[in-house]
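Structural description and commentary
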Amino acid sequence: MAVSGIVLVLFLIAHMLGNLKVFAGAASFDGYAHWLRDIGKPALPGVWFLWILRAGLVVAVVAHIWAATVLALRARAARPVQYAHRKKIQGSYAARTMRWGGVIILLFVIYHLLDLTTGHLNPVGDPTRPFANVVADFAPERWYVTLFYTVAVVALGFHLRHGMFSALRSLGQQTPGGERRARAVALGFAVVICAGFLVVPFAVLTGLVS
Amino acid sequence: MNLTLRIWRQTGPEDKGRMVTYQVDDVSPDMSFLEMLDVLNERLILSGEEPVAFDHDCREGICGMCGLMINGNAHGPQRGTTACQLHMRQFKDGDTIDIEPWRARAFPVIKDLVVDRNSFDQIIAAGGYITVPTGSAPEAHSVPVAKANADAAFESAACIGCGACVAACPNGSGMLFTAAKVTQLSLLPQGQPERYTRVIGMVDAHDEAGFGGCTNAGECTVVCPKGIPLSTIGRLNRDYLAASAKRGDTPGT
């Protein structure tokens, strides 16, 4: 759970930084997107590097889901009779919503790939012009797309808030003082990632980027 | 105080069980929760009914026998308190109180509110001890222990094994108990020789007993009557990772 999560977190950081290139203009953003396909040339032909990266991400996602499923099945087996009266949440809200939050994020990722990678669900849908795709996607009249992205990114924020802390704990964070720091780092990181991802659709929505 | 109680009644391990409603009148706010159940049971006995079975022993909050899910809270609404030390002043006149046993596959219900916590004994038997020659107590000053380690070990050793952590855990995991029992020894010099076989053996026994896996949700530490911190599980994880790297050791004998 922790190791695959860390791989995905590293991807998220790179993805967010790449997204922010949208503020540097269409040429810079498109140039960055084309450069991604060219990394490793000429040692690796075509878009091999990108495909190696994608394969690594798929392995991490599958490992993450597999570990989560094992934990969920064990949890279900461990309590065959449910409580008649159950306090909703006493610990952390983020922790109790990890599983459904993860499902929401998975569905969002599938939509997101069809939208901005393959272009099937995008009004422009031209893989050679990613800037145009992004601007068309978050146009004010398509507010429901922005809303869905916002819901998904906030779900991701909650997921990261508990996930980061939990990963540090699984890897041996062991003092009460360290726990306070780990929780603060996890919260700060989740907020930064949320803000970094949401600033792009909202910039398009408000006309800051067009 | 007049209270309505909804109590889980189950005649034996094979019975399906159900919630039954009882009315208890004239409850003093100074009674403990278990004394209130005693009053109910006396009334039930007088009227020829089967009294409600519940576990208890010292009634001083240190033996770990009592354990009730009260309105969905393990040991009731007051933090850092066992059910026997919970007083009726925590409730209001006219309240309806739901009382259930701990729910976990590893804690099968024996009768009514009594569960079998033998699975905790199995975890202890898998390594929760040190192997030393018995005899007269050694000179205490001959083995120095750093103050910070002594304090942290004592914090873990405060665990009374009541099972509230399992009852509250959304995964039905007993990891806070296991972590407390592992780290009270791994922090002390006397626990070092068996440190890494202990953690592997006890976590294996925990998993075999049918407890769920820990996801660091933190519900356990909230209800723990002894306030065992969640970071205890981090100590266990660190020992477990170190032990996994040391191949060739035989887990708990």
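An unreviewed UniProt entry annotates chain B as Succinate dehydrogenase originating from Micromonospora rosaria. The annotation that UniProt attaches to chain B under Sequence similarities (unreviewed entry) is "Belongs to the succinate dehydrogenase/fumarate reductase iron-sulfur protein family."

For chain A, an unreviewed UniProt entry supplies the name Succinate dehydrogenase and the organism Micromonospora rosaria.

**Examining the environment of G191(B)**
Residue and element names in this part refer to chain B. The residue G191 is located in the loop between α5 (175-186) and α6 (195-208) in this model. Sequence spacing of G191 and V132 is 59 residues, and the spatial spacing of their C-alpha atoms is 10.0 Å. Not counting residues up to four positions away in its chain, the partners in contact with G191 are I130, L185 and S186.

**Points about the interface of chain B and chain A**
The partner chain A presents 30 residues to the 34 residues of chain B that form the contact. At 7 residues, helix α8 (residues 231-245) of chain B tops the list of elements feeding residues into the side of chain B that touches chain A. Its residues assigned to classes, the side of chain B that touches chain A shows 12 nonpolar, 15 polar and 7 charged.

**Thoughts on the domain arrangement of chain B**
All names here are of chain B. You can read the domains of chain B as domain 1 (3-111) and domain 2 (117-245). One C-alpha centre belongs to domain 1, the other to domain 2, and the line joining them spans 28 Å. Considered class by class, the residues forming the side of domain 1 that touches domain 2 number 8 nonpolar, 8 polar and 2 charged.

**Side note on α8(B)**
Helix length check: α8(B), at 15 residues, gives a terminal C-alpha distance of 22 Å against a target of 21 Å (1.5 Å per residue), a fit within 8%. Every buried residue of α8(B) is accounted for by S231(B), T232(B), I233(B), G234(B), R235(B), L236(B), N237(B), D239(B) and A243(B). Buried-residue contacts for α8(B) involve α7 (143-170) and α8 (176-205) of chain A together with α3 (147-157), α5 and α6 of chain B.

**Some thoughts on the nonpolar core**
By size, the foremost hydrophobic cluster in this structure holds 100 residues, and its most contacted members are C165(B), V166(B), A168(B) and L176(B). Top element by residues in this core is α7(A). It accounts for 10 residues. With residues up to four places along the chain from it excluded, the contact list for A168(B) reads A74(B), E219(B), C220(B), V222(B) and V223(B).

Conventions adopted
- Residues numbered from 1 in each chain as written.
- Chains lettered and ligands numbered in written order.
- Predicted model: local features only at pLDDT ≥ 70, side-chain atom pairs only at ≥ 80, totals over all residues.
- UniProt positions renumbered as here; feature names shortened; annotations may be inferred.
- Helix = DSSP H or I, 4+ residues; strand = E, 2+ residues; numbered from the N terminus.
- Contact = placed C-beta atoms within 7 Å.
- Nonpolar A, V, L, I, M, F, W, Y, C, P; charged D, E, K, R; others polar.
- Domains from an automatic or database assignment.
- Expected span 1.5 Å × (residues − 1).
- Buried ≥ 20, exposed ≤ 12 C-beta atoms within 10 Å, placed from the backbone.
- Core = buried A, V, L, I, M, F, W, Y, C linked by C-beta atoms within 7 Å.

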